[in-house]
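Report on the structure
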Amino acid sequence: MSFDGAVMERQGEKFAVVAVKLHVLGFSGTCEEAAAKYEPYFPNMPIVLMSQDADGVPKYCGDSQYVAYLDELGAASVPWQTYTSVPEEELALR
């Protein structure tokens, strides 16, 4: 699995941001299910999903305090990186 994401910190609390396709943010159930798939990559961290609409405007799904923080910063401030490794829980089984 390969995806773009970032670990960020707000007031001493770490959280993750994961880039997803816009349709994932269309339904709250879909959003929650998608975020759960990334939990093994970001254990014990809240996860915010982010996408952009056709005009490049960021859209978010997640905890409102982190969404507000990301809105203030702007998507260009997110230290994106591509994750290609297996999640921590899979490594523990090896």
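Residues numbered from 1 in each chain as written. Predicted model: local features only at pLDDT ≥ 70, side-chain atom pairs only at ≥ 80, totals over all residues. Heavy atoms only, no water.

What follows is about the environment of V7. Following the sequence through the fold, V7 ends up in strand β1 (residues 3-10). According to the relative accessible area criterion, V7 is partly exposed, its value standing at 34%. The spacing of V7 and Q81 is 74 residues in sequence and 9.3 Å in space, taken between C-alpha atoms. Contacts of V7, omitting those with residues within four sequence positions, involve K14, F15, A16, F42, M45, P79 and Y83. (Helix = DSSP H or I, 4+ residues; strand = E, 2+ residues; numbered from the N terminus. Buried < 20%, exposed > 50% of the residue type's maximum accessible area, 1.4 Å probe, protein only. Contact = heavy atoms within 4.5 Å.)

Quick look at the environment of K59 now. Structurally, K59 can be placed in strand β4 (residues 58-61). Assessed through its relative accessible area of 36%, K59 is described here as partly exposed. Remark: the alpha-carbon pair of K59 and A75, spanning 16 residues in sequence, is separated by 9.6 Å. When neighbours within four sequence positions are excluded, K59 is seen to be in contact with L22, L25, L49, M50, S51 and D53.

Excluding glycine, most residues fall at negative phi; most peptide bonds, likewise, are trans. Unlike most non-glycine residues, Q11 shows phi in positive territory, near 50 degrees. Assignment of secondary structure puts Q11 in the loop between β1 and β2 (13-19). Non-glycine residue N44 carries a positive phi angle of around 60 degrees. On the secondary structure map, N44 appears in the loop between α1 (28-38) and β3 (47-52).

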